[in-house]
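A structural walkthrough
Here's the letter readout for the chains.
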Amino acid sequence: MTDIDLTNIDVTNLDLSALDRVAVWYGNLPDAAQKALSIVIGAVVAYVVFKIVAKIIKGIVISAIAAILAFLLATVPGNMILSNAYDRVEQQVTASLSQAQ
């Protein structure tokens, strides 16, 4: 298959999609400009993805911290209340047994 040099062909009258037109424009750029454009677009995409992932991770970390705090708030005071109740019942039973003897 023979390569066609699109630099000498008028593509304005051809039925090309927007993506095809961008591809033709990109293909007509010098090699250095193609590499520079690729690096710039790659950096922009990497930055956007980084920001999205950072927000997701931040949300996960905040959710994990909230879950841990909720767990501690639910278990520690609950344990203390039940422990105090058990101690009180134990004292009442001990006092009742002491009086019965």
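The shown structure was predicted, so the numbers you read here are calculated from the model rather than taken from an experiment.

Check the secondary structure of the protein chain and you find two helices and zero strands. Looking at the 101 residues of the protein chain, the share that counts as buried comes to 3%. Only carbon and sulfur atoms are counted for the fraction: they give 69% of the accessible area of the protein chain, which is about 8,900 Å².

The UniProt record marks residues 36-53 and 60-82 with the feature "transmembrane region" (unreviewed entry), using the residue numbering of this structure. With 100% helix and 0% strand, residues 36-53 has end C-alpha atoms that lie 26 Å from one another. This span, residues 60-82, is 100% helix and 0% strand, and a straight line between its end C-alpha atoms measures 32 Å.

On to the packing of helix α1 (residues 18-28) against helix α2 (residues 31-100), then. The contact between α1 and α2 brings their axes to 8 Å, and the two run at 125 degrees. Taken together, the axes of α1 and α2 lie oblique to each other. Contacts between α1 and α2 involve W25, Y26 and G27 from the former and Q34, L37 and S38 from the latter. Of the residues that constitute the contact of α1 with α2, the class distribution is three nonpolar, three polar and no charged.

Calculation rules
- Residues numbered from 1 in each chain as written.
- Predicted model: local features only at pLDDT ≥ 70, side-chain atom pairs only at ≥ 80, totals over all residues.
- Heavy atoms only, no water.
- Helix = DSSP H or I, 4+ residues; strand = E, 2+ residues; numbered from the N terminus.
- Buried < 20%, exposed > 50% of the residue type's maximum accessible area, 1.4 Å probe, protein only.
- Areas by Shrake-Rupley, 256 points an atom, 1.4 Å probe, with all protein chains shown as cover.
- UniProt positions renumbered as here; feature names shortened; annotations may be inferred.
- Axes fitted to C-alpha atoms, helices over the stretch in contact; angles between N-to-C directions.
- Parallel < 35°, antiparallel > 145°, perpendicular 65-115°, else oblique.
- Contact = heavy atoms within 4.5 Å.
- Nonpolar A, V, L, I, M, F, W, Y, C, P; charged D, E, K, R; others polar.

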